[in-house]
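# Commentary on secondary and tertiary structure
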Amino acid sequence: MKDVYLDANATTPVLPAAAKAALETMEDLFGNPSSSHVAGLRARSILTKARAAALDVLGAKSGRIVFTSGATEAIQTAILSAMCDIRGRKQDPQTEGTGKRYCLFGATEHKAVPQALRHWCEILEMPHEIVEIPVDQKGLLDLNFISEYAAQTDLVCTMAVNNETGVFQDLSQVEKAFRPLNPKALWLVDAVQAVGKQELDLQGLSIDYAPASGHKLYAPKGIGLLYVREGAPFKPLMAGGGQESGARGGTENLPGVAAIHAVFEALKEGVFNEHDVMVDYRDRLMESLKSAFPKIVFNTPFENAVPTTINFAVEGLSSKEILDLFDAADVRVSSGSACGSALVGSYVLEAMGLPKWRSDGAIRLSFGPLIAEVEVQLACQRVAAAGLALRNSCLIVREEEAPPTSPVTGLIQLKRDSMCTWIYLDAETKSAVIIDPFLELADRIEVTIRCQGCRILAILDTHMHVDHESPRVELIERYSDLLAPGARTEDPLGWPVPSGSVLVGSGESAPTMAFGDDQVIARVELPGHTVVGCAYLLGTPKEGALSPKQVELAFTGDTVLMGGIGRTDFGSSSMEALYHSLKGLPALLGPATVICPTHDYHNGFATTLSSERNGNCFLRRLLAEKDPMSLEEFSREKPILDHGIDDEASSELVCGNISASSRYQTSLNIAPGDRREFFNEHQGAIIVDVREPHEFGFAQDWLDLGLCEAPLNVPLTRFAGYLQSLLGQHEDQSAVEIICLCRSGTRSERAAEMLQRCGFENSWSLMGGLALSGSVFDETVALGMEMEYAI
């Protein structure tokens, strides 16, 4: 088995019996159900039997089953039917009042429901207010809230089982909350995630509409149904042709109907796992997750949820990091609803009142009721391998005292939104320096330092922040057992007592702190964005001097940003000081110096002075050798730049007027179908896999990709350091060819853009990444792996 598929709430594989039934209708029983000849009658019989089976599975003795293209169409049809009926009613002022009328929906409802409510209210010009029913921390509907609105409510929309958390509602209690107070209210219950996972009894409830979907339960995509209670109002969404007894125009999807009928028959025959078996499978998966991720928190309240869904978050890890890790281990999970996967955070978990980190970091693991024992065993093994991979790459601290599996020397970039914290490590001396710490990254910083077994020489800020206090003092206390002597200091930016000084390119003497065997970090004053500001220059001095060519990394705070320069409209800013700071940069930084800013607003990661000159016309004019911008011109034009900053458009204070980086002329992407030919034509190219080490450590069939050997692994978190090594080794950057790879092509494209921007114009990304190229998982390799960085 290659994949372990644990995203069944998004879709499921097709049941073999369902595929067989669909194929049979396409090859043999292909008649049109509306035809009166024998082929048509046989086709119509399939529809009749499928309707009866659907009613049986839903626990309904009567009512209409309308086959649709899926649950979304079924929801649209139900809401249209309800709203048309409500629109035609004459309101009784004595029993229903004369005030506002409402449509209620659960706060954790699938987005298809509230969006359909608003859609049809607008089209039908309905005056109803669409109101969200709140839920508690377990995801259960507020029944008192429903009762308060009941008398003035015309439509109630709830769901049987939530698609993100697996939480089920007690439908009998929901009914009691509104039905005695309003017998006329119509009721829609989304049964998509309930069918096959819990017993349904629509006959015993006053549910008017219940949509269901085929592909959530081992039928093909493109088939769904709507249950309509006998006597409930109905209005076709599609008219014409008279199919479905006039309920839905258009020839029926007979293969889809035959397939979903086969699934219903399998349900009745006991082919699906019993509830107790699924509970056991869930518990085993939970135990493997807890073992792999010690800081795991489960968002699913299991006492009120079906056993097939596990929603969780891991403190300190983003949902994307876990998704990438699981994908590398060939375990398919999701970060929430497949229909909302592009959204940040989970509105379901937010409605439940869970902390933001649990919503933003949520992972949904879901399996279907046909999952096999061997799949669960394999899933548990791969989850264990994923946990080991995180320990080996220092994203989880090992419980036992042990040296790091992958000791790191060099630069690590930690990011949260636009915030960048930089950690420079030396494995030989077990030393670390932290530059521009953010509280949001404090856990990750600590895990990295502890896992690497380093002591902290200094925690440095490049400037005094305007919108927040630096967490440096707080972190000094938090990391107290990790501090080297001298890390505690009274300096407002954290600068320790200097160990020496060097002559920098400007001709001035700069204080230094020693790092490693021969490197130093020099402090150079760089005010302007804020009055108190500096840059830290890292390099290896010669004969007491740190010339621009010897400066490898420059931590410039918000003075220079990718695509912009720091703003100067704060009370603590100085426009004149920024002018002189920027003018002095060419004397400090060389062509191979990589600039590491405090903020990264467009995923540029790092930059060079040459790159910023080329892409920023304002900076280019300021630093021009001939007729450069004067202080008077700078003072006149800089406020105009700052005025263009829209702080309201961002969730954080923007520290400069940033232009999104434009695409370079060289084509970035290599189409998956062209990869073998492209690799053959560029055999001298450097191949770089930019995934994180915990992903790269899982085996990959590089030969299948068209490579003779594994590529370098240079994760994006360490790409700034790799860029510096490339710049230092290759003066003629046009002669270097670099091909970047990752899981999906997104990260590799960013890496290739960064390389092109910094002069390596012959840089490309494999479009679609490894996901479109196949992978082979080797259990023994994953469980015993020792991952190594390329740099």
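Here the structure is shown first, and the text comes after it.
Along each chain, numbering runs from 1 in the same order as the chain's sequence is written. The predicted origin of the model limits local features to residues at a pLDDT of at least 70 and limits the giving and counting of side-chain atom pairs to 80 or more, whereas totals for whole chains, interfaces and linings rest on all residues. Hydrogens and waters are ignored; side-chain quantities use all the structure's heavy atoms.

## Re the state of the cysteines
We count it as follows: By definition, disulfides here are pairs of cysteine sulfur atoms that lie within 2.5 Å. Secondary structure is summarised from DSSP: a helix means a run of H or I of at least four residues, a strand means a run of E of at least two, and numbering begins at the N terminus for each. When accessible area is computed with a 1.4 Å probe and restricted to protein chains, residues below 20% of their type maximum are described as buried, those above 50% as exposed, and intermediate ones as partly exposed.
Within the structure shown, the criterion is met by one disulfide. Disulfide partner of Cys-394: Cys-451, at an S-S distance of 2.1 Å. Here Cys-394 and Cys-451 share a disulfide; its torsion about the S-S bond, -70 degrees, makes the bridge left-handed. Note that Cys-394 is positioned in the loop between α13 (373-392) and β13 (410-416) and Cys-451 in helix α14 (residues 442-452), a separation of 57 residues in sequence. Given the relative accessible area of 9%, Cys-451 is considered buried. The thiol sulfur of Cys-121 is not disulfide-bonded, and the nearest other cysteine sulfur, from Cys-103, lies at 4.8 Å. In this structure Cys-420 is a free cysteine whose sulfur lies 9.0 Å from that of Cys-596, the closest cysteine sulfur available.

## Points about the nonpolar core
Selection rule: Side-chain atoms within 4.5 Å are what join buried Ala, Val, Leu, Ile, Met, Phe, Trp, Tyr and Cys residues into a set we call a nonpolar core. In this analysis, two residues are considered to be in contact whenever any of their non-hydrogen atoms come within 4.5 Å of each other.
Membership of the largest hydrophobic core comes to 67 residues, with the highest contact counts inside it found for Phe-67, Trp-187, Val-195 and Leu-225. Filtering out sequence-adjacent residues up to four positions away, Val-195 remains in contact with Val-57, Leu-58, Leu-200, Ala-212, Leu-217, Phe-264 and Leu-267. In this structure, Trp-495, Phe-515, Leu-727 and Met-754 belong to the second largest nonpolar core, which totals 44 residues.

## Some words on the packing of helix α1 (residues 16-27) against helix α8 (residues 254-268)
Threshold: Helix axes are fitted only over the stretch in contact, all axes being lines through C-alpha atoms; the angle between N-to-C directions runs from 0 to 180 degrees. Each angle is binned into one of four classes, with values under 35 degrees roughly parallel, values over 145 roughly antiparallel, values of 65 to 115 roughly perpendicular, and all other values oblique. Throughout, a crossing is termed right-handed when the near helix is turned clockwise from the far one, and left-handed when it is turned anticlockwise from it by less than a right angle. Lys, Arg, Asp and Glu make up the charged group, whereas Ala, Val, Leu, Ile, Met, Phe, Trp, Tyr, Cys and Pro make up the nonpolar group; the residues left over, Gly among them, are polar.
Remark: α1 packs on α8, axes separated minimally by 7 Å, with the N-to-C direction vectors making an angle of 150 degrees. Classified by the interaxial angle, the pair formed by α1 and α8 is roughly antiparallel. For the crossing formed where α1 meets α8, the hand is right-handed. Across the interface between the two elements, Ala-17, Ala-18, Ala-21, Ala-22, Thr-25 and Met-26 of α1 pack against Leu-254, Pro-255, Ala-258, Ala-259, Ala-262 and Val-263 of α8. Residue classes in the contact of α1 with α8 are distributed as 11 nonpolar, one polar and no charged.

## With respect to the packing of helix α9 (residues 275-292) against α13
Angle between the axes and distance between the axes: these two values describe a pair of packed helices. As a packed pair, α9 and α13 sit with axes 8 Å apart at the nearest point and diverge in direction by 10 degrees. By the angle between their directions, the pair α9 and α13 is classed as roughly parallel. Contacts from Tyr-281, Arg-284, Leu-285, Ser-288, Leu-289, Ser-291 and Ala-292 of α9 reach α13 at Glu-373, Val-376, Gln-377, Ala-379, Cys-380, Val-383, Gly-387 and Arg-391. Tallied by class, the residues present in the contact of α9 with α13 amount to eight nonpolar, four polar and three charged.

## Topic: the sheet that holds strand β29 (residues 738-741)
Filter applied, for reference: For two strands to count as paired, DSSP must find a minimum of two bridges between them.
A sheet is described by the order of its strands in space; here five strands give the open sequence β26-β30-β29-β27-β28, paired in parallel fashion. Looking along the sheet, the strands with just one partner apiece sit at the ends: β26 (669-670) and β28 (712-713). Of the pairings in the sheet, the one linking β29 to strand β30 (residues 763-766) comprises three bridges and is parallel in character. Within β30, the position partnered with Ile-738 by the bridge is Ser-763. The sheet strands contacting helix α24 (residues 719-729) are β27 (686-689), β28 and β29, and the helix crosses β27 at an angle near 170 degrees.

## As for unusual backbone geometry
Despite not being glycine, Asp-417 has its phi angle at roughly 55 degrees, a positive value. Considering the arrangement of structural elements, one finds Asp-417 in the loop between β13 and β14 (419-426). Of note in this structure, Asp-627 is not a glycine but carries a positive phi near 55 degrees. As for its placement among the helices and strands, Asp-627 is situated in the loop between α19 (617-622) and α20 (631-643). Looking at Asp-627, the relative accessible area reads 71%, which means it is exposed.

## Regarding the sheet that holds strand β10 (residues 309-314)
The three strands are arranged β9-β10-β12 in an open sheet whose pairing can be described as antiparallel. The open sheet terminates on both sides in strands that have one partner only, identified here as β9 (296-298) and β12 (363-366). Mean inter-strand twist for the sheet, computed between neighbouring axes without regard to direction, equals 35 degrees. The pairing of β9 with β10 spans three bridges and is antiparallel.

## Focus on a nonpolar patch on the surface
This is how the line gets drawn: To count toward a patch, a residue needs a relative accessible area above 30% and no salt bridge. Like charges then connect within 9 Å, nonpolar side chains (Val, Leu, Ile, Met, Phe, Trp, Tyr) within 5 Å. Only the protein chains shown count as cover for residues, with accessible areas throughout obtained via the Shrake-Rupley method and a probe of 1.4 Å. Salt bridges are counted wherever a side-chain nitrogen of Lys or Arg sits within 4 Å of a carboxyl oxygen of Asp or Glu.
A contiguous nonpolar patch, built from Met-464, Val-531 and Val-532 and spanning about 230 Å² of accessible area, is present on the exposed surface. For Met-464, the location among the structural elements is in the loop between β16 (455-460) and α15 (472-478).

## Observations regarding the pattern of salt bridges
A pair can form between side chains of opposite charge whenever their charged atoms are brought close. Per the stated rule, a full pass over the model turns up 39 salt bridges. The closest approach of N and O atoms between Asp-208 and Arg-179, which form a salt bridge, is 3.8 Å. Taken together, the positions of Asp-208 in the loop between β6 (186-190) and β7 (209-213) and Arg-179 in the loop between α7 (171-178) and β6 put the pair 29 residues apart, joining distant regions of the chain. Accessibility classification places Asp-208 together with Arg-179 in one group, the buried group. Taking the shortest distance from any N to any O, the salt bridge between Asp-280 and Arg-284 comes out at 3.3 Å. With a gap of four residues between them, Asp-280 and Arg-284 both fall in helix α9, about one helical turn apart. Take Asp-280: its relative accessible area is 37%, and that puts it in the partly exposed class. The network of salt bridges with shared partners includes Asp-3, Lys-320, Asp-324, Asp-327, Asp-330, Arg-332, Glu-695, Arg-743 and Arg-747.

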